[in-house]
Amino acid sequence: MPRPVKFFYDLLSTHSRALYMFFEATKIPYDPIPVCTTKGEHLADHHKENLGRFQQVPTIIDDGFKLSNGVTILKYLIREKLIPEHWYPRDHKTRARIDEYLEWQHDTTSKVFNAFVQQKYLADAARQEEGKDSNRVEQYRQQVNQNLNQLERDWIVPGRFIVGDRITIADILAACEVEQPKIVGLDPFAGRPQLASWVEKVRYTMSPYYQEAHRDFYKFTEKVAMKN
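So, how was this worked out
- Residues numbered from 1 in each chain as written.
- Predicted model: local features only at pLDDT ≥ 70, side-chain atom pairs only at ≥ 80, totals over all residues.
- Heavy atoms only, no water.
- Pairing = 2+ DSSP bridges.
- Helix = DSSP H or I, 4+ residues; strand = E, 2+ residues; numbered from the N terminus.
- Axes fitted to C-alpha atoms, helices over the stretch in contact; angles between N-to-C directions.
- Contact = heavy atoms within 4.5 Å.
- Expected span 1.5 Å × (residues − 1).
- Buried < 20%, exposed > 50% of the residue type's maximum accessible area, 1.4 Å probe, protein only.
- Arc of directions from axis to C-beta.
- Parallel < 35°, antiparallel > 145°, perpendicular 65-115°, else oblique.
- Left-handed = near helix turned anticlockwise from the far one by under 90°.
- Nonpolar A, V, L, I, M, F, W, Y, C, P; charged D, E, K, R; others polar.
- Core = buried A, V, L, I, M, F, W, Y, C linked by side-chain atoms within 4.5 Å.
- Salt bridge = Lys/Arg side-chain N within 4 Å of Asp/Glu carboxyl O.
- Phe/Tyr/Trp six-rings, centres within 6.5 Å; stacked < 30°, edge-to-face > 60°.
- Lys NZ or Arg CZ within 6 Å of the ring centre and 35° of its normal.

## Describing the sheet that holds strand β4 (residues 65-68)
Remark on secondary structure: sheet strands pair via backbone hydrogen bonds, oriented parallel or antiparallel.
At step 1: The sheet built from four strands is open, its strands ordered β2-β1-β3-β4 with mixed pairing. Either end of the sheet is taken by a strand with one partner, and the two such strands are β2 (30-34) and β4. Taken pair by pair, the neighbouring strands of this sheet meet at an average axis angle of 20°, ignoring direction.
At step 2: Where strand β1 (residues 5-9) lies against strand β3 (residues 59-62), three bridges are found, and the strand directions are antiparallel. The residue bridging lysine 6 from the neighbouring strand is isoleucine 61, located in β3.
At step 3: Set on the sheet, helix α1 (residues 14-26) makes contact with β1, β2 and β3; between it and β1 the angle comes to about 150°.
At step 4: Contacts from helix α3 (residues 70-80) reach β3 and β4, with the element oriented near 135° to β4.

## Quick look at helix α8 (residues 193-205)
At step 1: Look at α8: 18 Å from first C-alpha to last across 13 residues, which is about the 18 Å you get at 1.5 Å a residue.
At step 2: Of all the positions in α8, only Leu195, Trp198, Val199, Val202 and Arg203 are classed as buried. Projection of α8 onto a plane perpendicular to its axis shows the buried side chains occupying an angular sector of 140°, all on one side. Facing away from the buried side of α8 by more than 90 degrees, the exposed set consists of Pro193 and Tyr204.

## Focus on the packing of helix α4 (residues 92-107) against helix α7 (residues 169-179)
A pair of packed helices is characterised by two quantities: the angle between their axes and the separation of those axes.
At step 1: Here α4 crosses α7 at 20°, and the two axes come no closer than 9 Å. Of the possible angle classes, the one that applies to α4 and α7 is roughly parallel. The element α4 and its partner α7 pack so that their crossing is left-handed. Mapping the contact onto sequence places Ile98, Tyr101, Leu102 and Gln105 in α4 and Ile169, Ala170, Leu173, Ala174 and Glu177 in α7.
At step 2: When the residues that make up the contact of α4 with α7 are grouped by side-chain class, the tally is seven nonpolar, one polar and one charged.

## Some points on the side chain of serine 16
At step 1: Among the structural elements, serine 16 can be located in helix α1.
At step 2: With a relative accessible area of 0%, serine 16 lands in the buried category.
At step 3: Excluding anything up to four places from it in sequence, serine 16 contacts Phe7, Tyr9, Asp10, Leu11, Val57 and Pro58.

## Considering the nonpolar core
At step 1: Ranked by internal contacts, the top residues of the largest apolar core, which has 66 residues, are Phe22 and Trp198.
At step 2: Among all residues touching tryptophan 198, those that are not within four sequence positions of it are Ile156, Arg160, Phe161, Ile162, Asp171, Ala174, Ala175 and Val178.

## Section: the pattern of salt bridges
At step 1: Counted by the stated rule, this structure contains 11 salt bridges.
At step 2: Its salt-bridge partner being aspartate 63, residue arginine 3 comes within 3.5 Å of it at the nearest N-O pair. Within this pair, whereas arginine 3 is found in the segment before β1, its partner aspartate 63 is found in the loop between β3 and β4, the two being separated by 60 residues in sequence.
At step 3: A residue is classified by how much of its surface remains accessible, and arginine 3, at 60% relative accessible area, is exposed.
At step 4: Residue aspartate 165 pairs with arginine 160 through a salt bridge whose shortest N-O separation is 3.2 Å.
At step 5: For aspartate 165, a relative accessible area of 59% corresponds to the exposed category.

## Structural notes on the packing of aromatic side chains
At step 1: Here the structure, examined in full by the defined rule, presents 10 aromatic pairs.
At step 2: Seen in terms of ring centroids, phenylalanine 7 and phenylalanine 23 are 5.0 Å apart; in terms of plane orientation they differ by 45°. Their pairing is tilted. Linking phenylalanine 7 in strand β1 with phenylalanine 23 in helix α1, this pair joins segments that are 16 residues apart in sequence. The same class applies to phenylalanine 7 as to phenylalanine 23, namely buried.
At step 3: Ring geometry for phenylalanine 65 and tyrosine 76: centres 5.2 Å apart, planes at 35°, overall tilted. Of this pair, phenylalanine 65 sits in strand β4 while tyrosine 76 sits in helix α3, and the two are 11 residues apart along the sequence.
At step 4: The rings of Phe7, Tyr9, Phe23 and Tyr30 are connected pair by pair, giving a single aromatic cluster.
At step 5: Its guanidinium or amino end placed over the ring of phenylalanine 217, arginine 17 lies 4.1 Å from that ring's centre, counting from NZ or CZ.

In structure tokens, the structure reads:
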């Protein structure tokens, strides 16, 4: 009987939420270890050895092998564990399409959305959204909207997933990414019906794991909204 994979995560993290859903859906034995990054727990002494040189979540430890970065972890688990093929099909062209999306996401939404959320959250917390800070936040907001428009236009096909008719790792990563701007009050679905319909399809397909993965995220989002 293989040892459970130790999974260090914070459900405010997009990749942590995607991995949580993946673990649950594939039934890979795992030991969930929550780490609250907003309280700095990922930097605490007792996590230095667990989280390694990057001190970030998500991280896994699989029988002593430590690995970070959500996309890298997903691909590792796909290679090492017995899971349904539809997550990352062996067909080379299908994999290439999934990888094409993951590279696009890495260069666009992942960087821009995280930067926008961080800048907007800090500006709101400090009540300093004026002058230089306001300009920076607005620039990121425009980039977020541009990326969301491109995602809907270039990647979403009505009634389908990002690559074909079955859900893949591209969909769970993308859906978690799209949800992220909600933390700071930006509605990613405003004026984007196809994007909203696709996320609903992912949510339905991944139920109840999608709802579980986002429960604390939605609570945190409501808490932030009440403060502003």
